[in-house]
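Observations on the three-dimensional arrangement
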Amino acid sequence: MSKYVIKRLAMAIVTLWVIITITFILMHSVPGDPFANENKRIPEAVYQNLLKKYGLDKPYSQQYLMYLKNIARGDFGESMKSNTETVNEMIARGFPVSASLGLQALLIALIFGPALGAIAALYQNKFPDYISMIISIIGVSVPSFVMGTFLIQFVARKVNWIPIGGWGEWRHTLLPSIALAMMPLAQMARLMRSSMLEVIGQDYIKTAKSKGISKSAVILKHSVRNAILPIVSILGTTISNLLVGSFVIEKIFGIPGLGMFFTTSIYNRDYTLIMGITVFYAIILILMLLFVDVAYTLIDPRIRLTEEGR
Amino acid sequence: MEKLLEVKDLAVSFQTFFGEVEAVRGVSFHVNKKETVALVGESGCGKSVTASSIMQLLPMPPAFYKSGQILFEGEDIIKKSEKEMQQIRGSQISMIFQDPMTSLNPTMKIGKQIVEGLVKNKKLSPSEAEKKAIDMLNLVSVPQPEKRIKQYPHEFSGGMRQRVMIAIAMVSNPKLLIADEPTTALDVTVQAQILDLMKEIQNQFDTSIILITHDLGVVADMSDRVIVMYAGQLMEEGTVYEIFKNPKHPYTRKLLGSVPRLDMDRSESLHSIEGTPPDLYAPPKGCPFFDRCDEAMVICKEYMPEREYHTDTHYSCCWLNHPMAKSVAEGSVV
Amino acid sequence: MKKKLSVLLSIILLVSMLFTGCSNSDGGTGGKKILRSNNSSEPGSLDPPLAQGTHESWILENVFEGLMTFDEKGELVPGMAEDYEISEDGLTYTFTLRDGIKWSNGDPVTAEDFEFSWKRALDPELAADYAHILYYIEGAEAYNTGEGSRDDVAVKALDEKTLEVTLESPTAYFLELTAFYTYFPVNKKVVESNPDWAKKPETHVSNGPFKLVKWEHNAKIAMEKNDLYYNADKIKLDGIELDIIEDQNTAWQKYEGGEYDILVDIPTSVVAQLQAENDPQLHIGPQVGTYYYNVNPDVKPFNNVKVRKALSMALDRETIVKDITQGGQIAAEGVVPYGLKDENGKEFRDGVGNLIEYNPEKAKELLEEGLAEEGMTIEDFNNSNFVLLYNTSESHKKIAQAVQEMWRTALGIEIGLENVEFQVKLDREKAGDYDISRGGWIGDFMDPMTILELWWSKSAFNDVNYNNPEYDALLDEAKSTIDQNIRMEAMRKAEKMVMEDMPVIPVYFYTQPYVLRDGVEGVVKVPIRYPVITYADITK
């Protein structure tokens, strides 16, 4: 197991390098620069000063090597839009916020998604199935900004102790985590439903029933226990996406997380920030995928990480 | 001998989108204590449905009991609630299934799977449960049981898994064991081992067995009595000796004839029964074997034959055996 | 298995709640007068020369003060400077600072602070975005472009209370410029000892009516009344609290929910609705800015002035501002917007008159004439598949669609629409790769020059490369004196000239709608700034 993990981590470094390089190339091949502004523009001299300050006047190869060197030291550099925080500081500040929101949303999705899917499968083609599937269709198709705005308008405005956006206490996390959880919840529900249906038809369920154990034991220990496996395989990307924050949800609810950086940094052509969060997200994703692969072996005894054993 | 199980005129159908499928159409038989009854027939004749309906494992809907009774120790268990059935399943009546490769929960340890039903019913402590699991594995001759109870199904071979299935079925010492094609998916050598194991267990625990199979070799090896089923109905019943020596139904005769024999000429082709079983959406009103029977008469198409008893224990449902039909040479195998 | 799972889930739940942190119970305002609003974007910096726009200036304008400032009536009055003298030739300004002006940390505000701050803002290494607004000072541009030295920048602290500035040329609006945030002073001692002074409220030192006390990035900014401010008596508020919520709709929900006292940057549909209901909370504030379309003179037939004028003449601007933009905007009557005074203290705009004509029939004739001169017919025009380029935004799109339709109905021409990302549009404009593209400009100071100099032949922002020596001459004339009679006359002529040549087609003048809760008084809208809340009072 540890050999496997080490191998994966080594591959991760290569992957990161490739990602950094591709991001660098893409960033600089798109027209525009960090210093433009919609209604005001700056004269050439000032522009040149800005380029020099951020090292953008140097040839690309030099810039590239500088990036690599700094990133290897863990220094993502200075943001080109913010003169107050470095990219490291922005990520360090935003990540815990996004992560806590993401974890809550993950919990909601993990608890209700598979439950909804299991219920749908057990009552296939009956009322609970239709309700569950309608909920999941809503979750998948309603865009998060609609969901978020809807929640603010019809819940936050009506219920006093639920705040309208902002951050600070746990009640600030309620609505945004619900809005954030909808999509993964819906996906998990659908996945769980089809997985359950498949499992229910399996022979070992018949065996379980024939033992005379209770219905709930059959459902939980046999059906759900096996049907949940495919969900673990999507957990890697799901968790990563939730952890780094949703741009839309954070924007609508005014949450000071990492999510907004993903879009605004590109719009602003804030090269250092783009690179910083891309690398950060890549690291999280790689770690999550590794974690899920390892977790999978613990959950499904048939899976082995390498060729040994079977 | 007392009747442990008595099935009276059981009819089970499936309500589907295209109509009603009459899978079991009026089946009656009984099983005595400590005897093995073989339920024989080709695929789709309704033998598995019969077995599942005894355990009430059929999904209802789309299945439903159209008519009949299933008397277990005198009580009609069709009338029992789900909770009551859970008391019976696993402890009074057990079942083992055809494909050991898929009949075990891949994510649960073998030890747990064996004692699962037991723990629920008898509230064992974890150490008691472990001991019991080891005992069961010993019973079914699985070596190194202490190590094995902590393993998962995929670490067992097919034959081993079937032994585990037997262990699971026997853990509460049930009165009746229904074995649905227990050896069909196994190698021939392993088949023999499993059958021997079952015989041993029957001896040890006085268990009655309903053995469902299409393999006549298995029937000959293990059973006391044989029931032949076709298209949801029983064609013939008798002791194993009566059936094999003196089959009275054309279908039974053809079945026996299709078994390859060691003393056959190598150039002789295998005998198969031409045609396919009837469509159970619209089952025929007469004898279901009519279309494939060489000796069919006009009356066979119109009316379902009644039981014609040849001895106390042997009957067949065939117009040919009716006293008014022309006689057919006894003991002849077509 | 089930037990293990629930334990794991509970741990995750607990951990996530830990992160959310202990409640920051603001505990209500407790009887203090705190003005609450939203600053729609996270400030990049609260160090005046590093500020880039309104998401910083609104805060800076409350915690800092320049030599001049705006009072509660919206008038330009002396601020840090008590008095000033202007030399005869209009090139040298001598400012005398007030007595008793202090930094929020107790240090006295001195002329050295000003000299230091302005030179610092011009330091090429600092790379201030708005350094060019200081170029009016002699030697400033040279220093900023690396051609000159810091010492040659003509601002000098003669003593602790006297500051002398020499300009490149007479600049009538220089006094107003000293109220612009890039001209704000910073505490020399503090800045020199701590380069990160502006990053945290604890180290932030300012000289204005308020001081920075809280800065939670992307979340909240709080300012408290600065008791050391010389005019503290005039300040009624105890503090200002600003959320940082980017989403307009959410901010509006909070205002409606009673969490804000004032809100700028409101969704346009809300503005339209409030206007229709004549809601007294809505104020349509003046803003110095013009929305226009650049016309590429290198693309035939847009080089023909008749064609350009025809396009302008076919636009029903009233409909656009009333039904499309719905923000109380004003249909353009030229390029110079309302809110700018002429030599008589009256609206410059009125002094020039309406230079825009709306006449679809005449436009069509004009178009055909112009096309004929270029050897084209309307069919040729339509076959050329010209495109109107705008940067992606709902409002730009709606306006473009309306314009497209108006041109189609009145002139019978087909113009395609294309939206690209803002950066991409800039690039294409620079490369001349466009036919017609949307443009806009918001002025930095209240003088018609702020708009007119866009089309000075050497202006960096002269996208259409308008090159008219007569126009340049008029602008030079206006820049060469502080005599407003001469200046305004020259600028009037200049505007008429540029409208005759119509290198760009003005569409409307910007406004800044904002909402004010009943019970909040003393807010005044200065055209060049966000609503001034410094002197506000909460009566209910």
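Calculation rules
Residues numbered from 1 in each chain as written. Chains lettered and ligands numbered in written order. Predicted model: local features only at pLDDT ≥ 70, side-chain atom pairs only at ≥ 80, totals over all residues. Heavy atoms only, no water. Helix = DSSP H or I, 4+ residues; strand = E, 2+ residues; numbered from the N terminus. Buried < 20%, exposed > 50% of the residue type's maximum accessible area, 1.4 Å probe, protein only. Contact = heavy atoms within 4.5 Å. Core = buried A, V, L, I, M, F, W, Y, C linked by side-chain atoms within 4.5 Å. Buried area = accessible area lost by both parts, 1.4 Å probe. Salt bridge = Lys/Arg side-chain N within 4 Å of Asp/Glu carboxyl O. Nonpolar A, V, L, I, M, F, W, Y, C, P; charged D, E, K, R; others polar. Axes fitted to C-alpha atoms, helices over the stretch in contact; angles between N-to-C directions. Parallel < 35°, antiparallel > 145°, perpendicular 65-115°, else oblique. Left-handed = near helix turned anticlockwise from the far one by under 90°. Pairing = 2+ DSSP bridges. Expected span 1.5 Å × (residues − 1).

1. Examining the environment of Ile219(A)
Residue and element names in this part refer to chain A. Looking at where Ile-219 falls in the secondary structure, it is placed in helix H9 (residues 215–227). Judged by relative accessible area, which is 24%, Ile-219 ranks as partly exposed. Sequence separation between Ile-219 and Ala-208 is eleven residues; the distance between their C-alpha atoms is 9.6 Å. The residues touching Ile-219, leaving out its near neighbours within four places in the chain, are Leu-122 and Val-224.

2. Digging into the nonpolar core
One finds Trp118(C), Ile137(C), Phe174(C), Tyr183(C), Tyr293(C), Trp407(C) and Trp455(C) to be the most contacted residues of the largest nonpolar core, which totals 242 residues. Once you skip the residues sitting within four places of it in the chain, Trp455(C) turns out to touch Tyr292(C), Val335(C), Asn462(C), Val464(C), Tyr466(C), Tyr471(C), Asp472(C) and Val504(C). Counting 98 residues, the second largest nonpolar core, distinct from the first, contains Val12(B), Phe14(B), Met55(B) and Met95(B).

3. Things to note about the interface of chain A and chain B
On the chain B side, the residues contacting the 22 residues of chain A number 26 residues. Of the roughly 2,200 Å² buried between chain A and chain B on both sides combined, carbon and sulfur atoms contribute 56%. On the chain A side of the contact with chain B, Ser210(A), Lys211(A) and Pro301(A) bury the most area, a combined 25% of that side's loss. Run the count over chain A and chain B and you get one salt bridge. For Lys211(A), the salt bridge is made with Glu116(B), and the minimal N-O distance between the two is 3.0 Å. Elements that contribute at least two residues to the side of chain A that touches chain B include exactly helix H8 (203–210) and H9 of chain A. Classifying every residue of the side of chain A that touches chain B gives six nonpolar, six polar and ten charged.

4. Regarding the packing of helix H10 (residues 317–325) of chain C against helix H14 (residues 394–411) of chain C
Residues and elements named next belong to chain C. Running from N to C, H10 and H14 point in directions that differ by 140 degrees, and their axes come no closer than 10 Å. Here H14 runs oblique to H10, going by the angle between their axes. The way H10 lies across H14 gives a crossing that is right-handed. Along its contact with H10, which presents Thr-319, Ile-320, Ile-324 and Thr-325, the element H14 presents Lys-398, Ile-399, Ala-402, Val-403 and Met-406. Residues of the contact of H10 with H14, tallied by class, amount to six nonpolar, two polar and one charged.

5. A closer look at the arrangement of the chains
For the two pairs of chains in contact, the maximum contact count is reached by chains A and C. Nothing in chain B touches chain C; the tightest C-alpha to C-alpha distance between them is still 10 Å.

6. Overview of the sheet that holds strand E1 (residues 34–38) of chain C
All names here are of chain C. Spatially, four strands are ordered E1-E10-E9-E8 in an open sheet, and the strand pairing comes out mixed. With one partner strand each, in any of the chains shown, E1 and strand E8 (210–216) form the two edges of the open sheet. In this sheet, neighbouring strand axes are inclined to one another by 15 degrees on average, regardless of whether the strands run parallel or antiparallel.

7. Concerning helix H1 (residues 2–29) of chain A
Each α-helix turn comprises 3.6 residues. Residues three or four places apart therefore point the same way. Residue and element names in this part refer to chain A. For H1, which comprises 28 residues, the first-to-last C-alpha distance of 41 Å matches the rise-based estimate of 40 Å (1.5 Å per residue) to within 8%. Of all the residues in H1, the buried ones are Tyr-4, Arg-8, Ala-12, Leu-16, Ile-20, Thr-21, Thr-23, Phe-24, Met-27 and His-28. The elements touched by buried residues of H1 are helix H3 (60–72) and helix H13 (271–299).

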